[in-house]
Amino acid sequence: VERHGLEGASGTEVILAQGGIFFRSGDEVNDPGFGSGIAVAVFLAIFLVSLLVGFVRRAAVHYTITDRRLYIRHGLFSRVEQHATLDRVQNVEAKQSVFERLLRIGTIDFDTAATDDSVFAFVGIAAPKRVLADVDRAVDLRTSGDDENA
C-alpha cells in the first residue's frame with residue numbers, strides 16, 4: 001500500500017491500494033471501513049450510471065431486416081433513419097472482440113454500393129451469427145422473388 005499524504009486543513013489522506021483509491025479523513029482514522037465504504041459507493045455509482053447509459057443507448061436504436069431493405073433507426077426524442085436496399089449490399093462482415101464474445105454480442109458491418117465514408121452497421125446486437133443467417137435468408141427471398149418476376 002502506497003500512502004500519499006495530501007494534507008489539508010482537515011488532515012485528509014489518499015491511500016492507493018490494489019485496485020482502488022481510498023480516502024480517509026483525519027477524523028475517521030479509527031474507522032477502518034470508512035474509506036472502503038466510499039470506494040464501494042463510488043464504484044457502485046459509476047457501475048449503475050454505465051448500466052443506465054447502456055440501456056438507454058440500446059433502447060434508442062432499432063434494427064429491421066425485410067425482404068427488400070435493412071433499416072437502422074436511432075434516437076429517443078429525435079429520429080434518424082438509415083436504410084439500404086438488399087441489392088446494394090455488396091459484403092457483410094461480422095465482428096466480435098474478446099469482450100463482445102463474452103457478452104455474446106457483436107457488430108455486423110454492411111458494405112453498400114455507396115460512398116466509402118458511409119457507415120451502415122448493426123452495432124451491439126445479440127447473436128450476430130443468427131442475424132447474418134436472417135440477412136442471408138432475406139437476400140435469398142429477394143433473389144428468388146426477382147427470378148419469379150422475370
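Relevant structure appears above.
Rules behind the numbers
- Residues numbered from 1 in each chain as written.
- Predicted model: local features only at pLDDT ≥ 70, side-chain atom pairs only at ≥ 80, totals over all residues.
- Heavy atoms only, no water.
- Pairing = 2+ DSSP bridges.
- Helix = DSSP H or I, 4+ residues; strand = E, 2+ residues; numbered from the N terminus.
- Axes fitted to C-alpha atoms, helices over the stretch in contact; angles between N-to-C directions.
- Buried < 20%, exposed > 50% of the residue type's maximum accessible area, 1.4 Å probe, protein only.

Caption draft 1: Highlighting the sheet that holds strand 5 (residues 69–74). A sheet is described by the order of its strands in space; here three strands give the open sequence 4-5-6, paired in antiparallel fashion. In the strand order of this sheet, the two ends are held by strand 4 (61–65) and strand 6 (80–85), each with one partner. Across the sheet, the mean angle from the axis of one strand to that of its neighbour is 10 degrees, orientation sign disregarded. Inspection of the sheet shows strand 4 paired to strand 5 by five bridges, in the antiparallel sense. Across the sheet, residue Y63 finds its bridge partner in strand 5, namely I72.

Caption draft 2: Representation of the sheet that holds strand 8 (residues 105–112) within the structure. Spatially, the three strands line up as an open sheet ordered 7-8-9, and their pairing is antiparallel. The two strands at the open ends of the sheet, each matched to only one other strand, are strand 7 (89–95) and strand 9 (121–126). Ignoring which end each strand starts from, the neighbouring axes of this sheet average 20 degrees apart.

Caption draft 3: Representation of unusual backbone geometry in the model. At R104, a residue that is not glycine, the phi angle is positive and equals roughly 60 degrees. We classify R104 as exposed; its relative accessible area is 67%. For A127, which is not glycine, the phi dihedral falls at a positive 55 degrees. With respect to the helices, strands and loops of the structure, A127 is situated in the loop between strand 9 and helix 3 (128–149).

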